[in-house]
Amino acid sequence: MKKFLYIFLAIFYSTNVLANQPKEWQLGFQNAASQSMREIVNFHDNLLLPIIIAISVFVLFLMIYVSIRFRASKNPIPSKTTHNVTVEILWTLIPCLILIVLAVPSFKILYKQDTIPKADVTVKAIGYQWYWGYEYPDENIIFDSYMIETKDLKENQPRLLSVDNEVVVPVNKVVKVLITANDVLHAWALPSFGVKRDAVPGRINETWFKAEKVGTYYGQCSELCGIKHAFMPITVRVVSESDYTEWLTGAKIKFVKEIIEEDQFKKLASK
Ligand SMILES: [Cu+2]
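Quantities reported herein were computed from a predicted structural model and do not represent experimental measurements. (Residues numbered from 1 in each chain as written. Predicted model: local features only at pLDDT ≥ 70, side-chain atom pairs only at ≥ 80, totals over all residues. Heavy atoms only, no water.)

A. Main features of the overall build of the protein chain. A count of helices and strands for the protein chain gives four helices and 10 strands. Element order for the protein chain, N to C, with α for helix and β for strand: α-α-α-β-β-β-β-β-β-β-β-β-β-α. Going through the 271 residues of the protein chain one by one, you find that 32% of them count as buried. Sequence separation of at least 24 residues holds for 65% of the intrachain contacts in the protein chain that already meet a minimum separation of 6. As displayed, the protein chain offers around 17,400 Å² of accessible surface, 63% of which is attributable to carbon and sulfur atoms. (Helix = DSSP H or I, 4+ residues; strand = E, 2+ residues; numbered from the N terminus. Buried < 20%, exposed > 50% of the residue type's maximum accessible area, 1.4 Å probe, protein only. Contact = heavy atoms within 4.5 Å. Areas by Shrake-Rupley, 256 points an atom, 1.4 Å probe, with all protein chains shown as cover.)

Next comes the structure, spelled out in structure tokens:
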């Protein structure tokens, strides 16, 4: 069964080299880039999916069987049976057991994600209609991150997923993400890290990830938030420790300057 599934998936994935963004005709998850996503994928592929397939095949088999075996021509006088205690106990108990078998590992993963380890880097993501704003509270960095229009895309920049100012984080470090919104509900989601949290105005949600591979990872706002909901992507660039330090140095100048300008602007405006 599993072998067949893999062959089937392999056909669909044959063009898939490095999946940290959605691919055409994609069926499964994007490649995992963190321990939590690996656990989610493992739970889905090796437990959830086989059980769901088995149930579907079993129900399909039953339906075909009764349609043929008990059709009017073959079974002219139908049985008048209305109760069967054994069968009723079985079709209550077995689904219960299946749900327990699924729930236990599922909750384990969920609660593990919920416990945030000591953070090395903290990033605050703020949802706006319709873009993301980011803050690095410990570094005094603040910037906005807008989608790049199709006509302005450079080579290797995926359409509707690339942004002008990417979130940059170091590889193999615990990144804590504080998530909130300014106007309506949004959701900060990054499939490769197994991260998805609602951005709620007036409250701060928390999540975390530890990216294990250097690369660029794409996500999207995942809560219907208005007309340009599809145009506020999330790009996270995972870099080496030294590249991160270098980026910080530059970002502190580039993005802090913008705040000063904004402050001066506010002062001028209030005069
Ligand atoms: Cu949104």
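After that view of the structure, there is still more to cover.
B. Inspection of unusual backbone geometry at higher detail. Residues Gln 129 and Trp 130 are joined by a peptide bond in cis, for which omega reads -5 degrees. Following the sequence through the fold, Trp 130 ends up in the loop between β1 (121-128) and β2 (131-136). Despite not being glycine, Trp 25 shows a phi value in the positive range, around 65 degrees. Along the polypeptide, Trp 25 turns up in the loop between α1 (2-13) and α2 (35-69). With relative accessibility at 70%, the residue Trp 25 sits in the exposed group. A positive phi angle is found at Asn 156, which is not glycine, with a value near 70 degrees. In this fold, Asn 156 is placed in the loop between β3 (141-145) and β4 (167-170).

C. The coordination of the copper ion, seen in detail. The protein atoms that coordinate the copper ion are His 186 (ND1), Cys 221 (SG), Cys 225 (SG) and Met 232 (SD), at distances of 2.0 to 2.6 Å. If you look at the copper ion, its four donor atoms make angles of 93 to 125 degrees with each other, and the shape they trace is tetrahedral. (Donors = N, O, S within 2.8 Å, 3.2 Å for Na, K, Ca; no water. Tetrahedral: all angles 85-135°; square planar, octahedral: opposite > 155°, others 65-115°.)

D. Spatial organisation of the pattern of salt bridges. Tallying each qualifying case throughout the model produces eight salt bridges. Note that Lys 112 and Glu 39 form a salt bridge whose closest N and O atoms lie 2.5 Å from each other. Residue Lys 112 is located in helix α3 (residues 85-114), and its partner Glu 39 is located in helix α2; the two are separated by 73 residues in the primary sequence. Residue Glu 39 is classed as buried on the basis of its relative accessible area, which comes to 18%. A salt bridge links Asp 152 to Lys 151, with the nearest nitrogen and oxygen atoms 3.5 Å apart. Judged by relative accessible area, Asp 152 falls into the partly exposed class, the value being 43%. (Salt bridge = Lys/Arg side-chain N within 4 Å of Asp/Glu carboxyl O.)

E. Region of interest: the sheet that holds β1. Pairing within the open sheet is mixed, and its five strands lie in the order β3-β2-β1-β5-β8. Only two strands of the sheet have a single neighbouring strand rather than two, namely β3 and β8 (205-209). Ignoring strand direction, the axes of neighbouring strands in this sheet form an average angle of 25 degrees. The sheet contact formed by β1 and β2 spans five bridges and is antiparallel. Opposite Tyr 128, over in β2, you have Tyr 131 as the bridge partner. (Pairing = 2+ DSSP bridges. Axes fitted to C-alpha atoms, helices over the stretch in contact; angles between N-to-C directions.)

F. Examining α3 more closely. Taking 1.5 Å as the rise per residue, α3 with 30 residues should run 44 Å; its terminal C-alpha atoms sit 42 Å apart, in good agreement. Those residues of α3 lying buried are Leu 102, Ile 109 and Gln 113. Here the buried face of α3 lies against α2 and β8. Backbone nitrogen of Thr 86 and a side-chain oxygen of the N-cap are separated by 3.2 Å at the start of α3; the cap is Asn 84. (Expected span 1.5 Å × (residues − 1). Polar contact = N/O pair within 3.5 Å; in protein donor to acceptor, adjacent residues only side chain to side chain.)

G. Expanded view of the nonpolar core. Tyr 136, Trp 188, Phe 193, Phe 209, Val 236 and Trp 247 are the most contacted members of the largest nonpolar core, which has 37 residues in total. The contact partners of Trp 188, leaving out residues within four places of it in the chain, are Ala 125, Trp 132, Tyr 134, Val 177, Ile 179, Val 195, Lys 196, Arg 197, Phe 209, Ile 234 and Val 236. (Core = buried A, V, L, I, M, F, W, Y, C linked by side-chain atoms within 4.5 Å.)

H. Representation of the sheet that holds strand β9 (residues 215-219) in the model. The mixed open sheet is built from three strands, whose spatial order is β4-β10-β9. Looking along the sheet, the strands with just one partner apiece sit at the ends: β4 and β9. If you compare each strand with its neighbour and ignore which way they point, the axes differ by 25 degrees on average. Of the strand pairs in this sheet, β9 and strand β10 (residues 234-239) are connected by five bridges, and their pairing is antiparallel. Note on β10: the bridge partner recorded for Gly 219 is Ile 234.

I. Local environment of the packing of aromatic side chains. Under the definition given, this model contains 13 aromatic pairs. Plain terms: the ring middles of Tyr 128 and Tyr 131 are 4.8 Å apart, the flat faces sit at 15 degrees to each other, and that makes the pair stacked. For the pair Tyr 128 and Tyr 131, a shared accessibility class is recorded, and that class is buried. An aromatic cluster of three or more residues is present, and its members are Tyr 134, Tyr 136, Phe 143, Tyr 244, Trp 247 and Phe 255. (Phe/Tyr/Trp six-rings, centres within 6.5 Å; stacked < 30°, edge-to-face > 60°.)

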